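Descriptive analysis of the structure
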Amino acid sequence: MQSLTEFAEAKLAEMDDASLRRRVVDSDRDGEGGLWITRGGRRLLSFSCNDYLNLAHDPRVKAAAVAATERYGVGAAASRLVTGNHPLYTALEQKLAALKGTEAACVFGSGYLANAGIIPTFVGPKDLVVVDELAHACIWAGAKLSGATLRIFRHNDVDHAAQVLATYRPRHGRALLVTDGVFSMDGDLAPLPALASLCEQHDTWLMTDDAHGIGVLAQGRGSSFAFGDKPLVPLQMGTLSKAVGGYGGYLCASQAVIDLVKTRARTLIYSTGLPPATVAGAIASLDIIQGDPDLCALPVAKARRFTALLNLPAAESPIVPIVLGGAEVTLQAQRLLEDEGLLVTAIRPPTVPAGTARLRVTFTARTPNAEIERLADLIRDRVLPLNGVERPE
Ligand SMILES: Cc1ncc(COP(=O)(O)O)c(C=O)c1O
């Protein structure tokens, strides 16, 4: 039998051959809004971070985190259901619920843990879960863990979702449709009004993952409010690790739904509470988000500046994909931009479908306009020709 080490070496060699091996690289984000990253001795301007509002390095957020560490210590010491529920949690959950227009909220250890815990709370082996084909990996994890029948609809294709529900809904007890609110690798929005009415017609609950919407869409309220002031989604999940600048996941919903999650979701019950500093940092960030709609609008405005320069469809979020296709050419593009002092990470399968490797470009409130222009020029003049892709006029 192959030894464990031989197995690992063979797998790694396979991935190297296909340019699909991933590596973690020391990345030292410095204090200037976290915009700059030092890697291998080079200082690069990041177009790859999800800290859209530059709050991870905001002095007000850092001060709140330091004060919480002094007051409550470094760790929560137990699950929230045992002794880990330090008093900062209540304040954070109230702020999240207020922002999202719901009765209540529940904070999890991370966005991944939230999806892995929420979905199995509401559907099980006799039920149906319907998921957009480009949904985030942790939605798939939650859907699979639930044991429910899993059906997929084509990306943002409401007619296909309707066909799937018409066929499968009658065969199951409860049904849940889950989608990203903003798609993490494509930057587009889910058609929430149409999905909400479809779910109503088919007696199906709608859940969104708003990881990339909170803080940056609809005055910071997120994708559920991008189509009007009425929240369309009864289960609004998201993360505190992107525009909020820290770490942790959440669900905003009615009081009863949240009460059920708090007594049933295994990733909440059987995992230690977040460090107090993290919870305090998120509270400070949400105060900034609620008080500064102009700041919240900046990342999308910057992304639109970039898409206009390249004659691409106007950005809907701070994420703009430049799809190059092959994994190797995308790595080559990343290296070329690094040589120009810009960090734009190559995203390859299986994170994105085969043949759609891409540069995923993200924008923050403080991304300098001159650098956006320089990046657009480099992409037009040097990156797209790598692939023989037509230059935008
Ligand atoms: C759409 C989406 N959902 C969930 C997550 C996971 O959130 P977290 O990093 O808090 O685990 C991410 C990214 O990490 C994401 O992009």
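Residues numbered from 1 in each chain as written. Predicted model: local features only at pLDDT ≥ 70, side-chain atom pairs only at ≥ 80, totals over all residues. Heavy atoms only, no water.

Digging into helix H7 (residues 192–201)
Those residues of H7 that fall on the buried side of the exposure criterion are Leu-192, Leu-195, Ala-196, Leu-198 and Cys-199. Viewed along the axis of H7, the buried residues span an arc of 165°, placing them on a single side of the element. The exposed residues of H7 that point more than 90 degrees off its buried face are Glu-200 and Gln-201. For H7, the secondary structure elements touched by its buried residues are strand S6 (149–153), helix H6 (158–168), strand S7 (175–180) and strand S8 (205–209). (Buried < 20%, exposed > 50% of the residue type's maximum accessible area, 1.4 Å probe, protein only. Helix = DSSP H or I, 4+ residues; strand = E, 2+ residues; numbered from the N terminus. Arc of directions from axis to C-beta. Contact = heavy atoms within 4.5 Å.)

Some points on the domain arrangement of the protein chain
Entries for the protein chain in the domain assignment read domain 1 (22–51 + 293–387) and domain 2 (60–291). Here the C-alpha centroids of domain 1 and domain 2 sit 26 Å apart. Taken together, the contact pairs 18 residues of domain 1 with 22 residues of domain 2. Summing both partners gives a buried area of about 1500 Å² for domain 1 against domain 2, and 63% of it is carried by carbon and sulfur. Counting every contact that joins domain 1 to domain 2 gives 1 salt bridge. Note that Arg-358 and Asp-186 form a salt bridge whose closest N and O atoms lie 3.0 Å from each other. Scanning the region where domain 1 abuts domain 2 turns up 6 residue pairs in polar contact (both at pLDDT 80 or more). With 5 residues, helix H11 (residues 293–309) is the single largest residue contributor to the side of domain 1 that touches domain 2. Taken together, the residues of the side of domain 1 that touches domain 2 break down into 11 nonpolar, 3 polar and 4 charged. (Domains from an automatic or database assignment. Buried area = accessible area lost by both parts, 1.4 Å probe. Salt bridge = Lys/Arg side-chain N within 4 Å of Asp/Glu carboxyl O. Polar contact = N/O pair within 3.5 Å; in protein donor to acceptor, adjacent residues only side chain to side chain. Nonpolar A, V, L, I, M, F, W, Y, C, P; charged D, E, K, R; others polar.)

Describing the UniProt feature "domain: Aminotransferase class I/classII large" (unreviewed entry) in the protein chain
The UniProt entry lists residues 44–378 under the feature "domain: Aminotransferase class I/classII large" (unreviewed entry), expressed in the numbering used here. Segment residues 44–378 splits into 42% helix and 17% strand. End C-alpha atoms: 15 Å apart. (UniProt positions renumbered as here; feature names shortened; annotations may be inferred.)

Considerations on the packing of helix H2 (residues 59–72) against helix H10 (residues 276–291)
Running from amino to carboxyl end, H2 crosses H10 at an angle of 145°, the nearest separation of the two axes being 7 Å. Read as a crossing pair, H2 and H10 show a hand that is right-handed. Here Arg-60, Val-61, Ala-64, Ala-65, Ala-68, Thr-69 and Tyr-72 of H2 come into contact with H10, specifically with Pro-276, Ala-277, Ala-280, Gly-281, Ala-284, Ser-285 and Ile-288. Classifying every residue of the contact of H2 with H10 by side-chain character gives 10 nonpolar, 3 polar and 1 charged. (Axes fitted to C-alpha atoms, helices over the stretch in contact; angles between N-to-C directions. Left-handed = near helix turned anticlockwise from the far one by under 90°.)

So, the site of the ligand
Taken together, 13 residues are adjacent to the ligand, and Gly-111, Asp-209, His-212, Thr-239 and Lys-242 come closest. For the ligand, an oxygen atom lies 2.7 Å from a polar atom in the side chain of His-212. Here an oxygen atom of the ligand and a side-chain polar atom of Lys-242 are 2.8 Å apart. About the coverage of the ligand: the protein hides 87% of its 380 Å² of free accessible area. Within the shell around the ligand, the residues separate by chemical class into 3 nonpolar, 7 polar and 3 charged. (Near = heavy atom within 4 Å. Areas by Shrake-Rupley, 256 points an atom, 1.4 Å probe, with all protein chains shown as cover.)

Some words on the state of the cysteines
Counted by the stated rule, this structure contains 0 disulfides. As a non-bridged cysteine, Cys-252 has Cys-106 as the owner of its nearest cysteine sulfur, 9.6 Å distant. (Disulfide = S-S within 2.5 Å.)

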